[in-house]
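Observations on the model geometry
Okay, here's what each chain looks like letter by letter:
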Amino acid sequence: MSDEKKKTIGQVLVGTWNTQTIVAIGIGAALFGVLMNYGGIPIFTNTRLTTAQLVPVFVGALFGPLPAFVASTVGNIIADLIGGWGYWFDWSIGNGVLAFFVGLLPVYGADIKNGIFTATQAIIYAVIALVGNAIAFGVVTPVLTVLFYGGELNITFAQSLFGGLANVLVLVVLGIPILFLLASRYAKGTNLKEEE
Amino acid sequence: MNNRLLINMIPGDTFLHKLSGTTKVRLFVILMVYLIMSFDLRLLVPLFIICLIGLFSLKPNWRILKPFFVIVLLMNLLNIVLFWVADPAVGEQWVGRTRTILFSVTPRLFISRETLWYLAVRIFKMYTSFLVSLVFILSIVPSELAAGLYSMGVPYKICSVFSLAFRYIPDIGRDFQNIKISMQARGVEMDSRRISLMKRLKQTTLILVPLIITSFDRIGTISNAMDLRGYGRLKKRSYYSEHEPTRSDKVFFWLTLALGLFCLYWVIVRNVLIPGHQMWYPYA
């Protein structure tokens, strides 16, 4: 793996769209949809403390930001479909944007597949989780709410605040240990050498 | 969380099942726009009735559906109450700036006729959209969903994401059950009658982490199987589940088109040209 060509930032952002990535996004989206419905507790109107937010951590760590974006967006659409609380595309895209930020892991050098995840990267990850939530639910979702639904801004901002805090909690408290766990799981396989 | 979570794998044999994937997906997309665009009870009631008829025509297994109806109703009721607590005057901006207080708990927490109307319409709208989703999910199989999206010009890799996700949902339910049973076999008490709610919640979380990890471990197997069948080699693809449009498909095409034009008209005239919130309110 070490002799792999260095990728440009653009390639890291887009990710490689092979069959493996598509399957990962599909499974991620299904998990997101189901966990959004059954894997959390409601804390405010249509807002949950949900383990679904772990999905972009996995997809992002292994496949990069854009796959994480698609997984979360499709996942949220599926969640709306089976949830019966109406269709909220502003939130689907908001969650996608958050997933994009969470999935930036490979950009700042965290290489989970080769077992690289340091304490500094964990701190960067936590900061990005916070900033990502602020941008996704403080800017993107409200703008789309006005655009698509023409209002309910008061409620959207309240939801953003509660939902964002819940997401940060899940992403940091559960996400960081999982990333370390994943990195150490993959690290076991890195000292092997291919025989000629 | 069991019972395949509503997803069908085998096409059924009722009228709605037999429509092509393209027809189903197009109609569903237009219905989503229809549902989102208004809070007008006069638009929602007909759709609600049509959906009920559609649901009965699918001959679903009601025993499986019952818990879903209850959960959705309870969750929407909780949402409505929280909406009201967050802003008791939420209905006023929708139905005109009047305030007819029916009942006051405290000076801040009051129930006005406007808010009551708005929240009632809202819960009805959410329930209608749940019915639409239900009819859609019950009438379609994952491959038809992908075919329908593909016919609308969505890149087929994204279509595959949708169909894979739909196909994988029942597996999540099965994995959840398996992990739960194996945890019980190791002596973790999960019977809801024996332990407190908080403890059960914590143990459910303990199931979720292995659930996510096993799911992602399966990526290699699935993608290898797909690669071996030549997935993703060509720029285009066709779908085995998709059939030539039948007569009912053609009828539905014109119905969908008419509905789409109506939605376009409504969005432009009622939503874009007249800014601000509005809804049909008979007491104004």
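Predicted model, so just to flag it, every value in this text is computed and none were measured. (Residues numbered from 1 in each chain as written. Chains lettered and ligands numbered in written order. Predicted model: local features only at pLDDT ≥ 70, side-chain atom pairs only at ≥ 80, totals over all residues. Heavy atoms only, no water.)

Before going further, it helps to spend a moment on the overall build of chain B. Within chain B one finds eleven helices and two strands. Listing every helix and strand of chain B by position from the N terminus yields α-α-α-α-α-β-β-α-α-α-α-α-α. Considering only C-alpha atoms, chain B reaches an extent of 65 × 55 × 35 Å along its principal axes. Here chain B holds 284 residues, and the buried ones make up 45% of them. Partitioning the contacts of chain B with sequence separation of at least 6, the portion at a separation of at least 24 is 75%. Accessible surface, chain B: about 15500 Å² in total, of which carbon and sulfur atoms supply 66%. A distance of 1 Å separates the average location of the 33 positive side-chain charges in chain B from that of its 15 negative side-chain charges. (Helix = DSSP H or I, 4+ residues; strand = E, 2+ residues; numbered from the N terminus. Buried < 20%, exposed > 50% of the residue type's maximum accessible area, 1.4 Å probe, protein only. Contact = heavy atoms within 4.5 Å. Areas by Shrake-Rupley, 256 points an atom, 1.4 Å probe, with all protein chains shown as cover. Lys, Arg positive; Asp, Glu negative; His and termini not counted. Charge placed at Lys NZ, Arg CZ, Asp CG, Glu CD.)

This part covers a nonpolar patch on the surface. The grouping of F253, W254, L257, L261, L264, I268, V272, L273 and I274 of chain B at the surface amounts to a nonpolar patch, some 920 Å² of accessible area in total. Within the element layout of this structure, W254 of chain B appears in helix α11 (residues 247-272). (Patch = residues over 30% accessible without salt bridge, like charges linked within 9 Å, V, L, I, M, F, W, Y side chains within 5 Å. Salt bridge = Lys/Arg side-chain N within 4 Å of Asp/Glu carboxyl O.)

Side-chain pairs of opposite charge can arise whenever the charged atoms involved come near each other. Residues and elements named next belong to chain B. Counting across every chain of the model gives six salt bridges over all chains. R167 is paired through a salt bridge with D171; the nearest N and O atoms lie 3.1 Å apart. Pair noted here: R167 and D171 are both in helix α8 (residues 156-185), with a separation of four residues, about one helical turn. By relative accessible area, R167 is classed as partly exposed at 38%. Residue class for D171 comes out buried when judged on its relative accessible area of 14%. We note a salt bridge from D175 to R174, for which the minimum N-O separation is 3.5 Å. Given the relative accessible area of 44%, R174 is considered partly exposed. In this structure, a network of salt bridges that share partners links the residues R174, D175 and R218.

To continue, consider the UniProt feature "transmembrane region" (unreviewed entry) in chain A. In the UniProt entry, the feature "transmembrane region" (unreviewed entry) is given for residues 22-45, 57-79, 91-110, 122-149 and 161-183 of chain A. Taken as a whole, residues 91-110 of chain A contains 60% helix and 0% strand, while its terminal C-alpha atoms sit 28 Å from one another. (UniProt positions renumbered as here; feature names shortened; annotations may be inferred.)

To continue, consider the UniProt feature "transmembrane region" (unreviewed entry) in chain B. Residue and element names in this part refer to chain B. Mapped onto this structure's residue numbering, the UniProt feature "transmembrane region" (unreviewed entry) falls at residues 27-56, 68-86, 116-141 and 251-269. Helix and strand shares over residues 68-86 are 100% and 0% respectively, and the end C-alpha atoms of the span are 27 Å apart. From the first C-alpha to the last, residues 251-269 spans 27 Å; its make-up is 100% helix and 0% strand.

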